[in-house]
Amino acid sequence: MRCVFLFEVDTGLACFADASTAEEYKVFLEEWKQEHPEGNLYQDYFSYLFAENAKSDLAVKVGAGNFLLWKLPQSGKRLVMFASGMGDGIYSAYWGMDQNENITELVVPFMNPEYF
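Residues numbered from 1 in each chain as written. Predicted model: local features only at pLDDT ≥ 70, side-chain atom pairs only at ≥ 80, totals over all residues. Heavy atoms only, no water.

Chemist: Now, about the packing of aromatic side chains: what can you tell me, with residues and values included?
Modeler: Taken as a whole, this structure holds nine aromatic pairs when the rule is applied. When the ring of Y25 is compared with that of F28, the centres are 6.2 Å apart and the planes differ by 15 degrees; the resulting orientation is stacked. Here Y25 pairs with F28, and both are found in helix 1 (residues 19–35), just three residues apart, close to one helical turn. The exposure classification of Y25 matches that of F28, with both residues buried. (Phe/Tyr/Trp six-rings, centres within 6.5 Å; stacked < 30°, edge-to-face > 60°. Helix = DSSP H or I, 4+ residues; strand = E, 2+ residues; numbered from the N terminus. Buried < 20%, exposed > 50% of the residue type's maximum accessible area, 1.4 Å probe, protein only.)

Right, here's the structure in full:
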């Protein structure tokens, strides 16, 4: 494995999405901020969705409600939002490669056992 990049987490939430979904999410964020200039995206929009998801069958089965499989309003593309382990900070991403240098996995260590 090799570390390809580092990424920042703010508000203790991280997100995984493909490039086109991430671009659409960026547009959603910009439009939401224009429509709610004094608003807080998490408190005013996502906190309710996280709370409802915590009641879902899947959240109950895995014993956690700190994730959300969310659909973008315009296209229905989905992305995954989740609590980022140690909260705000900078995290590394390690890509697993096969013998032909094809990406086979992504590993993000959100929790470091050295801290416990």
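On we go.
Chemist: Explain the environment of L72 residue by residue, including any values.
Modeler: Of note, L72 is situated in the loop between strand 3 (67–71) and strand 4 (78–83). Linking L72 and T21, residues 51 residues apart in sequence, is a C-alpha distance of 8.3 Å. Non-local contacts of L72, meaning those with residues more than four positions away in its chain, are made with T21, E24, Y25, F28 and K77. (Contact = heavy atoms within 4.5 Å.)

Chemist: Tell me about the nonpolar core, and name the residues and values.
Modeler: In this structure, Y25, F28, L29, W32, L41, F46, F50, L68, W70, L72, L79 and M81 together form the largest nonpolar core, which totals 12 residues. Where this core is concerned, the elements lending two or more residues are helix 1, helix 2 (41–54), strand 3 and strand 4. Looking at this core, the element that brings in the most residues is helix 1, giving four residues. When residues no more than four places from it in sequence are discounted, the contact partners of L68 are F46, L49, F50, N53, L79, V80 and M81. If you look at the next biggest cluster of nonpolar residues, it comprises nine residues, including F7, F82, V108 and F110. (Core = buried A, V, L, I, M, F, W, Y, C linked by side-chain atoms within 4.5 Å.)

Chemist: Go over the sheet that holds strand 3, please, and point to the residues and values.
Modeler: Pairing within the open sheet is antiparallel, and its three strands lie in the order 2-4-3. Each edge of the sheet is formed by a strand with only one pairing partner; in this case those strands are strand 2 (13–16) and strand 3. The sheet shows a mean angle of 25 degrees between the axes of neighbouring strands, direction not considered. Each of strand 3 and strand 4 is contacted by helix 1, which is oriented at about 75 degrees to strand 4, the strand it contacts most. Those strands touched by helix 2 are strand 2, strand 3 and strand 4, and its axis lies near 110 degrees from that of strand 3. (Pairing = 2+ DSSP bridges. Axes fitted to C-alpha atoms, helices over the stretch in contact; angles between N-to-C directions.)

Chemist: Outline the pattern of salt bridges, listing residues and values.
Modeler: The full count for this structure, using the stated rule, is one salt bridge. Here E24 makes a salt bridge to K77, at a shortest N to O gap of 3.9 Å. Taken together, the residues E24 in helix 1 and K77 in the loop between strand 3 and strand 4 connect sequence positions 53 residues apart. E24 gets classed as buried once you look at its relative accessible area, which sits at 18%. Among the residues examined, K77 registers a relative accessible area of 31% and is labelled partly exposed. (Salt bridge = Lys/Arg side-chain N within 4 Å of Asp/Glu carboxyl O.)

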